[in-house]
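# Examining the three-dimensional arrangement
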Amino acid sequence: MTQTLEAVRAVAERACAAPTNAFGYGIWTHHIVFVVSFGRELSLVLGADAEIVELAALLHDYAGIKDVRLEPEHHRHGTDEARRLLGALNYPPERTEWVAACILTHRASRGLEPETLEARCVASADGMAHIAQVPSLLRLAYVEKGLSVGAGAAWVAAKLRRSYGKLCPEAKGIIEARYHAALETLETA
Ligand SMILES: [Fe+2]
Ligand SMILES: [Fe+2]
């Protein structure tokens, strides 16, 4: 692991562990870690720059984790945070912009299309992490949103469909079996 990656990983995990993180430490163990790992896998498959993908994966939700008021526009605030953090680590400015672009376009719902291979890896890895972490989505539906069994399952199924829809074909290939298995289970509720 490069020094920059090591430093950014420490900062990202520390933010997840902080009492001010409204999502709890689970966002590290059950989301960020998965986005990093799927991002790595996709960067190999697509021939993308693995360091750029991993830095962006570590920081893609960082703004909302640091301050929940930034959550609605966390993809935009995240680019400022990445510039500040990577600037302080003397990371090359052109590579920093490459990372920032991945963070900006990681949310399919915001209509900003990933423009580089690396940005495609991060957006897809984010969607794959949701599909691989159905229990976290169920917790959100039943505990945090207080939905009924049927409504919660329908909410999670809709979220999975949206996540799957935004994946690049290579990512769909990797996660397809798990996606269909999860939908099948949710549709019996
Ligand atoms: Fe996000
Ligand atoms: Fe995310």
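Residues numbered from 1 in each chain as written. Chains lettered and ligands numbered in written order. Predicted model: local features only at pLDDT ≥ 70, side-chain atom pairs only at ≥ 80, totals over all residues.

Helix and strand counts for the chain stand at 10 helices and zero strands. Going from N to C terminus, the chain has its helices and strands arranged as α-α-α-α-α-α-α-α-α-α. Expected size for 189 residues packed as a compact globule is a radius of gyration near 16 Å; at 16 Å, the chain falls within 12% of this value. Projecting the C-alpha coordinates of the chain onto the three principal axes gives extents of approximately 50 × 35 × 30 Å. Residues classed as buried in the chain amount to 42% of the 189 residues present. (Helix = DSSP H or I, 4+ residues; strand = E, 2+ residues; numbered from the N terminus. Rg over C-alpha atoms; globule rule 2.2 N^0.38 Å. Buried ≥ 20, exposed ≤ 12 C-beta atoms within 10 Å, placed from the backbone.)

Let us look at the packing of helix H1 (residues 3-17) against helix H3 (residues 50-59). Interhelical geometry of H1 versus H3 gives an angle of 15° and a closest axis separation of 9 Å. Overall, the two elements H1 and H3 adopt an arrangement that is roughly parallel. Considering how the two elements wind past one another, H1 and H3 form a crossing that is left-handed. Contact residues: Leu-5, Val-8, Arg-9 and Ala-12 in H1; Glu-51, Glu-54, Leu-55, Leu-58 and Leu-59 in H3. Residue composition of the contact of H1 with H3, grouped by class: six nonpolar, no polar and three charged. (Axes fitted to C-alpha atoms, helices over the stretch in contact; angles between N-to-C directions. Parallel < 35°, antiparallel > 145°, perpendicular 65-115°, else oblique. Left-handed = near helix turned anticlockwise from the far one by under 90°. Contact = placed C-beta atoms within 7 Å. Nonpolar A, V, L, I, M, F, W, Y, C, P; charged D, E, K, R; others polar.)

What follows is about helix H2 (residues 26-46). In this model H2 runs 29 Å from its N-terminal to its C-terminal C-alpha over 21 residues, within 8% of the 30 Å that 1.5 Å per residue would give. Ile-32 marks the point of greatest bend in H2, at about 30°. His-31, Ile-32, Phe-34, Val-35, Val-36, Phe-38, Gly-39, Leu-42 and Ser-43 are the residues of H2 that are buried. Lining the buried residues of H2 we find H1, H3, helix H7 (117-132), helix H8 (134-144) and helix H10 (169-186). Following H2 by one or two positions, Gly-47 adopts a phi angle in the positive range, close to 70°. (Expected span 1.5 Å × (residues − 1). Bend = angle between axes of the 7 residues up to and from the residue.)

Counting 54 residues, the largest nonpolar core has Ala-56, Leu-59, Val-99, Val-122, Ala-125 and Met-128 as the members making the most contacts within it. A per-element tally of this core places H7 first, with nine residues. Filtering out sequence-adjacent residues up to four positions away, Val-122 remains in contact with Gly-39, Val-53, Ala-56, Ala-57, His-60, Cys-102 and His-106. (Core = buried A, V, L, I, M, F, W, Y, C linked by C-beta atoms within 7 Å.)

What follows covers the packing of H3 against helix H6 (residues 93-104). The geometry of H3 relative to H6 is characterised by a closest axis approach of 9 Å and an angle of 50° between their N-to-C directions. By the criterion of interaxial angle, the relationship of H3 to H6 is oblique. Considering how the two elements wind past one another, H3 and H6 form a crossing that is right-handed. Along its contact with H3, which presents Ile-52, Leu-55, Ala-56 and Leu-59, the element H6 presents Arg-95, Trp-98, Val-99, Cys-102 and Ile-103. Residue composition of the contact of H3 with H6, by class: eight nonpolar, no polar and one charged.

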